[in-house]
Every structure is written in structure tokens, then in C-alpha cells.
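For reference, the chains in residue letters:
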Amino acid sequence: MTASTDFYNAEFARLKAILPGSHLPWLQRRRESALASFAASGFPTQRQEDWKYTGVTAIEKSRFELAMPISNGVSAKQVAAWSLPDTHRLVFLNGRYQPRWSSVGTLPGGVILSSIIEMLERDPEQLDSRLGESEIAYPSGFAALNMAFMSDGAYLHLADGVAVDKPIHLLFIASEAKLATHSRNLLSAGAGSRASIVEQHVAVGEGAYLTNGITDIVVGRDAEIVHHKLQQESHQAFHIAAVNADLGQKSRFTSRSFGLGGALARVDIRVGLNAERAECILDGLYMTDGRQHCDHHTRIDHAEPYGTSREFYKGVLAGASRAVFNGKVIVHADAQHSDADQSNRNLLLSDNAEVDTKPQLEIYADDVKCSHGATVGQLDPEQIFYLRSRGVDDESARALLTFAFAEEVVDRVDIPPLRAGLEKLLLGRLPERVKELL
């Protein structure tokens, strides 16, 4: 038994009576089973292929507190600054739902938007099947810890045919160093329903802490879900996350992931096209500097015929930062007439920046249309020369080209306030004289 196993066993013994849903025997059993799974597997190591380029020794050696304070160091003004206008907003602070800062508003009939803790108190049966059986095989020790110490998160259910016209904003704020939060979001869309969700992670200050979150999404027949994930954690923080999507017949799922913060950030996105004519789009942008490390692992399973997937990720790396992109597309034997395209492009702004990119295709069907590719390079000298020849200085020319490279992903965001906020973040990285040119 390792020191980290001893620590988490002791923490569970200390906290199990006050963890959400402690009064539910089935949930307590699943928490205990998850903890046993973590004891057996531990944290992932770089000997494992999926973690070859991302070491988590710093997390393993840290002793993040698992108690869950309600609020520290956050003002209403700060919450307002992060909030997107004209949305249904749920705010979570240090892992717990905050009604006073949330603004759910009036929802269409047939929509349930609540916190996990509220659902565990009010209607726990709705969560029974969604939180997994006790014998579940956790893909990593982080997923096991999430189940064992699950604190809170968002619950969304759309009845058949319901459309939510305003975006749903899930704002997660970290305000304490040395704290671990294990959030869980459960989102489901009934047949013919649609919604757009923004999951945003921000921080107060620059302390070191751990965010370990999972978002599970079920998209029913003919339904459409657009999920935006915006990670702006402290530059000393650790962010480990998973997004899992299960797609029904003729359903449409779009994932847009933006990785901007964190000392070490890892996001696993898994999409199952589990019925005929399901479609998914995965877009992503990661921008790193200093000694940041950002890792995106995606997996798309074409399990049934006539599925379509499109994946487009870009990375901008500066300083001595490092990024990892691993995109796997698996076309299973029954998934004839699948159409899959994957692209990863990376821009290195310094000699010390490094990216490991690995696009993968596994095809077990014989009537498919699939392609994939990756590029790693620096700014085009000819483009820089073109701008210089028109009176733009070298630094400004490089900044303009970098902005244009990243903005291609931002332009795909279809929520105007979110797109404007992302453009503002991009502009914030540019010299003042460059902003005047845009």
C-alpha cells in the first residue's frame, strides 16, 4: 500500500459521514468500491501509454485537503465579471453549489437544472443509473477518486422535444490553495431536445490546488448538445477532467475545449457514436507559456453505421511549455459508411516549447471515409516578411499571425458573449500597438 493510498483511505474515513448522499446505502457502496479501485490502481504512471508524456508525480506527492469550505475570498463583483449575460447560470465555489450567486431564471417546461446535492436529497433515484455500478472499471485513478469523493456538480435533464434557447452556464470557481475538488456533471437530452452548455473553470489568485472533474453527457435520438469547456485555472493549479458523451440515433454533439490555464492540465474527451447516423464535432484550442503542461486526449468510437465525426484542434506554445495531443478514432466492424476527419495543428513560438502529437485511426470496417493529420511548425517567414514590408514591426507581425492562427478556433463558437470573451483573452496576450491594428 502506497503513501497516497493511506492518505486517501484516511481522508475517506474522516469525511464519509459528511459527503453528499452519505444517507444513501447504494451511493456509499459505490464510493467504497471506487476507493478500493484507486487502492488497486493508484495514480497513472508514464509507463502507461495514455500517460506516456504526462507525469502526475507532483499531484501524487501533494496532500490536498478534501474538506469542502463553502466560500472564501470571492466577491459578487468577481462572479459578475466571470458570468455570461443572458444565460441560465449555476455557480459552484470550491466544489459546492452557490444559490446566492446563481441565476437559473425561467426554464421551459420539461427541464430540470439543479445541483447534484439537491438531486441526492430530492430525487436520488434519478442519479442511481447515472453514477455507475459498484463494479465499474475506472479508466484512471482520478476517475475513481472522483466517484469516491464526489462533492457536487450540475444536473441537467431535457425532456423530449424541449429546446433551451439561452445557454446554460456552469461556473466553477476555485478560491483556496491546497484544496481538492471532485465535481461531477450529469447532463442528458431527451429525443429531439437541444441545449448549449458552457462549463467554465476559473480561479481567484495563483495558489496550487487540484480540480478533478467529470462531465457525463447522454444525447438522445435527434437531440443536439453543444458543450463548451473553458479552463482558466491558476497557473500553479492542477486540472484533471473527463468529458464522456453517449450519442443516440441521428443525434448531434459538439465539444469545444479551450485550455488556457493550469500548471498541469489534462482533459480526456470520449465520444461514443452508438447509434446510426450520429454526428460529433470536436474543436479545441490550447495556449501555453512558461512551464505549463497541457494534455488533450480524445477518443471517438464509431460503433454503428453512417456516423460522422470532425475533429479540429490547434495549439500555441511559448516559453518552455509543453503540450500533448492524442486523438484516437476507432471505426468498429459494424460501423460501415462512417466518415471521420481529424486535424491537429501546432505553432511553436520558442525554441524551448515542445508538443507531442499523435493522431490515430483504427479501422475495422471496409466501407469508410477517414483521414487524419498533424502539423508542428513555427511562424511562416514569408508571412512575417509580407507584414514587415507594409510597415509592421517584427514583434507586431508575429503577434498578428499568432492571433489569426488561434482565432480560427474561437470563430467557431456560436455564443456571442463567449466568443467575445475568448477574443478578449487572445487580445490580452498581444502588445498594445498590435491591438490598434485589429
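Residues numbered from 1 in each chain as written. Predicted model: local features only at pLDDT ≥ 70, side-chain atom pairs only at ≥ 80, totals over all residues. Heavy atoms only, no water.

Below, the discussion takes up the packing of helix H2 (residues 25–41) against helix H7 (residues 141–149). Packed helices, taken two at a time, are described by the angle between their axes plus the distance between the axes. It is the contact of H2 with H7, at a shortest axis distance of 8 Å, that shows an interaxial angle of 150°. When the interaxial angle is binned, H2 and H7 end up roughly antiparallel. The handedness of the crossing between H2 and H7 is left-handed. Where H2 approaches H7, its residues Leu 27, Arg 30, Arg 31, Ala 34, Leu 35, Ser 37, Phe 38 and Ser 41 are matched on the opposing element by Gly 141, Ala 144, Leu 145, Met 147, Ala 148 and Phe 149. In terms of residue class, the contact of H2 with H7 is made up of 9 nonpolar, 3 polar and 2 charged. (Axes fitted to C-alpha atoms, helices over the stretch in contact; angles between N-to-C directions. Helix = DSSP H or I, 4+ residues; strand = E, 2+ residues; numbered from the N terminus. Parallel < 35°, antiparallel > 145°, perpendicular 65-115°, else oblique. Left-handed = near helix turned anticlockwise from the far one by under 90°. Contact = heavy atoms within 4.5 Å. Nonpolar A, V, L, I, M, F, W, Y, C, P; charged D, E, K, R; others polar.)

The subject of this paragraph is the pattern of salt bridges. What the rule picks out here adds up to 23 salt bridges. The residue Asp 268 makes a salt bridge to Arg 270 at a minimum N-O spacing of 3.7 Å. Judged by its relative accessible area of 11%, Asp 268 falls in the buried class. Here Arg 270 falls in the partly exposed class, since its relative accessible area comes to 29%. Residues joined in a network through salt bridges with shared partners are Arg 256, Asp 283, Arg 412 and Asp 414. (Salt bridge = Lys/Arg side-chain N within 4 Å of Asp/Glu carboxyl O. Buried < 20%, exposed > 50% of the residue type's maximum accessible area, 1.4 Å probe, protein only.)

A water-sized probe, rolled over the atoms, reveals where empty space remains. Roughly 570 Å³ of internal volume is contained in the largest pocket. For the lining of the largest pocket, the secondary-structure elements that each account for two or more residues are H7, strand E9 (210–219), strand E11 (238–247), strand E13 (264–273), strand E15 (293–302) and strand E17 (322–331). Here the lining of the largest pocket is composed, by residue class, of 14 nonpolar, 11 polar and 9 charged. If you add up the space inside the second largest pocket, you get close to 470 Å³. Contributing to the lining of the second largest pocket are 23 residues, with Val 316, Ala 318, Leu 349, Arg 398 and Thr 402 lying nearest its centre. (1 Å grid on protein atoms, 1.4 Å probe; cavity = no way out; pocket = protein on both sides within 12 Å on 5 of 7 lines; lining within 4 Å. Points joined across faces, edges and corners; volume = space filled by probe spheres on them.)

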